[in-house]
Amino acid sequence: MSEATLIDGKAFAQSLRQRIGAAVATLKSDHGLTPGLAVVLVGEDPASQVYVRNKGKQTLEAGMNSWEHRMPATASEDEVLAQVRALNEDPAVHGILVQLPLPDQIDANKVIDTIDPDKDVDGFHVINSGRLATGQPSLVACTPVGCVLLAKDMLGDLSGVEAVVVGRSNIVGKPVAQLLLQENCTVTICHSRTKDLPEVCRRADLLIAAVGRPEMVKGDWVKPGACVIDVGINRIDAGDGKTRLVGDVDFASAAKVAGSITPVPGGVGPMTIACLLRNTVQAACAVNGISSPEM
Ligand code: GUN
C-alpha cells in the first residue's frame, strides 16, 4: 500500500501568516487601522509561557500590535476580571485571549463570559458558540478553523463529504462539527461511549481526531483514501528516558491506508496561532465596519 500524502500544516500556516501580514498592511495604509491582540497570562505554567511568547512574536511579525499582561499565580478572580474589563474598554485592543489553564481559584467560564464577544478571538464565549451553531457571523475557535482550512486545501469543496469527528470538547469537537456542517458535510460526532467506534470511523472520507488520547485511532479504523486530520498533541515516554510528541492517530498504521494525513508535530498545531491572528484581523475589521479581506 502506498503511503498517504503528508498535509504540511507548518507550510500552510506560514503562507497564511504571509496573507495576514499583507491584509494588515492594507488595513494600515487604506484605513489607518492596526489590529491589536492582548494576551493575559496568569501564573508561571511553562507550556503556557511558550505559547504566549510565540503568539506575541507572530502577532508582531504580522505587523499587528501585541500586548502581554502577566499576572501572578496568586491573582484573585476579581483582579483577572478587572483586567479583562479594562481590555474590553480599550479601543486599540481588537482581540483578547486569556491563556488557559487558569489557577484553581479562578473560574475560567466566568472569565470567558466577561470577554466582549466581539473581542473573543478564542471563540470560546457562549455568544460565539451560539452564533456559530445558528449560522451567524462569529469568531470561531482557532484549532477547528485550522482543521477545516487544511481539509479544504486537500479535498476542495467539502459538500456531501462524509465527516466523522472523534471527540466532543467545546474547544475542538463541537465547533469543528459545526464548521463542517456549514461546509455541507454529513457529520457524525463520536466519543468514548460510541458503540463500535472503529466501524463509525471507517465511514469517514474526512476523519478528525480530537480525543486527547495518544495514538488511539488505528490504521484499520481508516477508510482507504480518507483524509485524516489529527488534532492531538500528546507527550509520551519514548522508552529511552526521552519523550516524544504523538497525535491521537497511530500515524504509522494510518498513513498506510489514508489518502492524506497531518503529521504531529507540524500538522494542525502551527495552524492554531495563524488562525488566532486571522481572527484578530476579522475582529478589528468588524468593529470598524470594514469588510474583512480574504486571507
Ligand atoms: N491553552 C492552550 N491552548 C489554548 C487556546 O487555544 N486558547 C487559550 N486561551 N488557552 C489555551
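Scroll up for the structure.
Everything numeric here is computed off the predicted structure, so don't read it as measured data.

(A) The arrangement of the packing of helix α6 (residues 142-155) against helix α10 (residues 269-287) in detail. Viewed as axis vectors pointing N to C, α6 and α10 meet at an angle of 105 degrees, and their least axial separation amounts to 8 Å. Regarding the angle of α6 to α10, the classification is roughly perpendicular. Residues C142, T143, V145, G146, L149 and L150 of α6 lie in contact with α10, whose contacting residues are M271, T272, C275, L276, R278 and N279. Here the residues of the contact of α6 with α10 sort into seven nonpolar, four polar and one charged.

(B) Spotlight on the environment of R202. Inspection of the secondary structure puts R202 in the loop between α8 (197-201) and β7 (206-209). Judged by relative accessible area, R202 falls into the partly exposed class, the value being 31%. Sequence spacing of R202 and P224 is 22 residues, and the spatial spacing of their C-alpha atoms is 8.6 Å. Look past the residues within four positions of R202 in its chain and what remains in contact with it is D220, W221, V222 and K223. A distance of 3.0 Å separates the side chain of R202 from the side chain of E199, its partner in a polar contact.

(C) The site of the ligand, seen in detail. With respect to spatial proximity, the complete set of residues near the ligand consists of L97, V98, Q99, L100, D122 and F124. One nitrogen or oxygen atom from the main chain of V98 is found 2.8 Å from a nitrogen atom belonging to the ligand. In isolation the ligand offers 270 Å² of accessible surface; the protein chains occlude 75% of this area. Considering only residue class, the shell around the ligand consists of four nonpolar, one polar and one charged.

(D) A look at the nonpolar core. With 56 residues, the main nonpolar core has L180, L206, I208 and I229 as its most contacted residues. Elements that contribute at least two residues to this core include exactly α1 (9-31), β2 (36-42), α6, β5 (162-166), α7 (173-182), β7, β8 (227-230) and α10. Once residues lying within four places of it in the same chain are set aside, the contact partners of L180 are V148, L158, A163, V165, C185, V187, L206 and I208. Counting 22 residues, the second largest nonpolar core, distinct from the first, contains A4, C201, A204 and V249.

(E) Examining the pairing of strand β6 (residues 186-190) more closely. Relative to β6, β5 is paired through five bridges, and the arrangement is parallel. Paired with V165 across the two strands is I189, which belongs to β6. In this fold, β5 hands off to α7, which returns the chain to β6; that crossover is right-handed.

Rules and cut-offs
Residues numbered from 1 in each chain as written. Predicted model: local features only at pLDDT ≥ 70, side-chain atom pairs only at ≥ 80, totals over all residues. Heavy atoms only, no water. Axes fitted to C-alpha atoms, helices over the stretch in contact; angles between N-to-C directions. Helix = DSSP H or I, 4+ residues; strand = E, 2+ residues; numbered from the N terminus. Parallel < 35°, antiparallel > 145°, perpendicular 65-115°, else oblique. Contact = heavy atoms within 4.5 Å. Nonpolar A, V, L, I, M, F, W, Y, C, P; charged D, E, K, R; others polar. Buried < 20%, exposed > 50% of the residue type's maximum accessible area, 1.4 Å probe, protein only. Polar contact = N/O pair within 3.5 Å; in protein donor to acceptor, adjacent residues only side chain to side chain. Near = heavy atom within 4 Å. Areas by Shrake-Rupley, 256 points an atom, 1.4 Å probe, with all protein chains shown as cover. Core = buried A, V, L, I, M, F, W, Y, C linked by side-chain atoms within 4.5 Å. Pairing = 2+ DSSP bridges. Right-handed = clockwise from strand over helix to strand, strands pointing away.

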